[in-house]
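# Coordinate analysis (summary)
Read off the chains here:
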Amino acid sequence: MFRRSGGHCVATFAHDEVRVLRKVAAEVVGLLTEGMDHTDPVVSRLFPDIYPDRPEDSQEFRLYTEGDLKTSKIDQAGAILAALPDEGEGEVRLDGEAADAWLRAINDARLAMGTRLEIHAETDLGDELDQAVLEDAGSSRVFQLSVYAYLGYLQESLLNALPEIK
């Protein structure tokens, strides 16, 4: 997937990969811009309480920091949208700053998907996917778990390509 080329991380994406990445990034932007609901477990995962035992202090901290954090998360997802081809397949070339934005955006997408899919640190993704396929190979869960796994692979390949370009 991603490889080093000079001072850039470079990857070539197939048409379906572009579509999936565009959809995932757009969903993160939508989640953060369309009436963000703090009772949504995904929002809580992306914006955790800094003081879980002191809700008033967490609320005050959120008051001063959430706007900038939200803007940053939207910009990072926007970096994915901006770098991808508009349609079809194509190459993506990321400098160090863009690669960092992609890593943060992919992480946010995986946190959101993992929360929705109820994936935890101890979850064996391979077993989870195998079970979902056995239950219904054409289910949306199989697709979502596959996207989640793909994002992990993409994130790892970008991390491996990144160290020498910084």
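Report on the accompanying structure. (Residues numbered from 1 in each chain as written. Predicted model: local features only at pLDDT ≥ 70, side-chain atom pairs only at ≥ 80, totals over all residues. Heavy atoms only, no water.)

## Overview of the nonpolar core
Heads up, the rule is: Definition used in this section: a nonpolar core is a set of buried Ala, Val, Leu, Ile, Met, Phe, Trp, Tyr and Cys residues joined via side-chain atoms within 4.5 Å. Exposure categories follow from relative accessible area, calculated using a 1.4 Å probe and restricted to protein chains: below 20% of the type maximum is buried, above 50% is exposed, and the middle band is partly exposed. A helix here means a DSSP run of H or I that spans at least four residues, while a strand means a run of E at least two residues long, and both kinds are numbered starting from the N terminus. Residue contacts are defined here by distance: any two heavy atoms, one from each residue, within 4.5 Å place the two residues in contact.
If you look at the biggest cluster of nonpolar residues, it comprises 42 residues, and the most contacted ones within it are Phe2, Phe13, Trp102 and Leu151. At the level of secondary structure, the elements contributing two or more residues to this core comprise strand E2 (8-13), helix H1 (15-33), helix H2 (41-46), helix H3 (55-83), strand E3 (90-94), helix H4 (96-116) and helix H6 (140-161). Looking at this core, the element that brings in the most residues is H6, giving nine residues. Each residue touching Trp102, except ones within four places of it in the same chain, is listed here: Phe2, Phe13, Ala79, Ile80, Ala83, Leu84, Val92, Leu94, Leu154 and Leu158.

## What to know about the sheet that holds E2
The strands making up a sheet are joined through hydrogen bonds of the backbone, oriented either antiparallel or parallel. Operational definition: The criterion for strand pairing is that DSSP finds at least two bridges linking the strands in question. Axis definition: a line fit to C-alpha positions, over the contact stretch in the case of helices; interaxial angles, taken between N-to-C directions, run 0 to 180 degrees.
Spatially, the three strands line up as an open sheet ordered E1-E2-E3, and their pairing is antiparallel. Of all strands in the sheet, those with a lone pairing partner are strand E1 (3-5) and E3, marking the two edges. Each strand of the sheet is rotated relative to its neighbour by a mean of 35 degrees, with strand direction disregarded. Relative to E3, E2 is paired through five bridges, and the arrangement is antiparallel. By the bridge assignment, Ala11 is partnered in E3 with Val92. H4 rests against E2 and E3 of the sheet, and its axis sits at about 110 degrees to E3.

## Comments concerning the packing of H4 against H6
Operational definition: Our angle categories are set so that under 35 degrees counts as roughly parallel, over 145 as roughly antiparallel, 65 to 115 as roughly perpendicular, and the remainder as oblique. The crossing is said to be left-handed when, going from far helix to near helix, the turn is anticlockwise and less than a right angle, and right-handed when the turn is clockwise. Ten residues, namely Ala, Val, Leu, Ile, Met, Phe, Trp, Tyr, Cys and Pro, are considered nonpolar, four, namely Asp, Glu, Lys and Arg, are considered charged, and the remaining ones, Gly among them, are considered polar.
At a minimum axis distance of 10 Å, the contact between H4 and H6 shows a crossing angle of 155 degrees. Between H4 and H6, the angle is such that the two are roughly antiparallel. Here H4 runs over H6; the crossing is left-handed. Facing Ala99, Trp102, Leu103, Ile106, Asn107, Ala109, Arg110, Met113 and Gly114 of H4, the residues of H6 in contact are Gln144, Val147, Tyr148, Leu151, Gly152, Leu154, Gln155, Leu158 and Leu159. Taken together, the residues of the contact of H4 with H6 sort by class into twelve nonpolar, five polar and one charged.

## Structural notes on the pattern of salt bridges
Rules: Counted as salt bridges are all cases of a side-chain nitrogen of Lys or Arg within 4 Å of a carboxyl oxygen of Asp or Glu.
For the structure shown, the criterion picks out eleven salt bridges. Within the structure, one salt-bridge network assembled from shared partners comprises Arg3, Glu91 and Arg93.

## What to know about unusual backbone geometry
Most peptide bonds adopt trans geometry, and most residues besides glycine take a negative phi value. Phi is positive for Glu118, which is not a glycine, with a value near 60 degrees. Looking at where Glu118 falls in the secondary structure, it is placed in the loop between H4 and helix H5 (125-136).

## Thoughts on empty space enclosed by the protein
Stated formally: Cavity: a set of points on a 1 Å grid over the protein atoms alone where a 1.4 Å probe fits but cannot get out. Pocket: an open set with protein on both sides within 12 Å along at least five of seven lines, its lining residues, like those of a cavity, having an atom within 4 Å of a point. Grid points are joined across faces, edges and corners, and a volume is the space filled by probe spheres set on the points.
If you walk through the whole model with that rule in mind, you get one cavity of 30 Å³ or more. In this structure, the largest cavity is lined by Leu21, Val24, Ala25, Val28, Ala77, Ile80, Ala105, Ile106, Ala109 and Leu151. Secondary structure elements with two or more residues in the lining of the largest cavity: H1, H3 and H4. Each residue belonging to the lining of the largest cavity can be placed in one class, and the counts come to ten nonpolar, no polar and no charged.

## Topic: the packing of H5 against H6
Where H5 contacts H6, the axes come no closer than 9 Å and their chain directions differ by 160 degrees. When the axes of H5 and H6 are compared, the pair comes out roughly antiparallel. Considering how the two elements wind past one another, H5 and H6 form a crossing that is left-handed. In this structure, H5 contributes Leu125, Glu128, Leu129, Ala132, Val133 and Asp136 to the contact, and H6 contributes Arg141, Val142, Leu145, Ser146, Tyr148 and Ala149. Residue classes in the contact of H5 with H6 are distributed as eight nonpolar, one polar and three charged.

## Let's talk about the environment of Pro48
Structurally, Pro48 is set in the loop between H2 and H3. In this structure the C-alpha to C-alpha distance between Pro48 and Gln155, which are 107 residues apart in sequence, comes to 22 Å.

## Points about H5
Our working definition: Take the residue count of a helix, subtract one, and multiply by 1.5 Å to get its expected span. Here a polar contact means two N or O atoms within 3.5 Å. Within protein one must be a hydrogen donor candidate and the other an acceptor candidate, and residues neighboring in sequence count only if both atoms are side-chain atoms.
For H5, built from twelve residues, the straight-helix expectation of 16 Å at 1.5 Å per residue is met to within 8% by its first-to-last C-alpha distance of 16 Å. At the N-terminal end of H5, a side-chain oxygen is found 3.0 Å from the backbone nitrogen of Gly126, two or three residues along, and the residue is Asp124.

In short, geometric facts, not functional conclusions.
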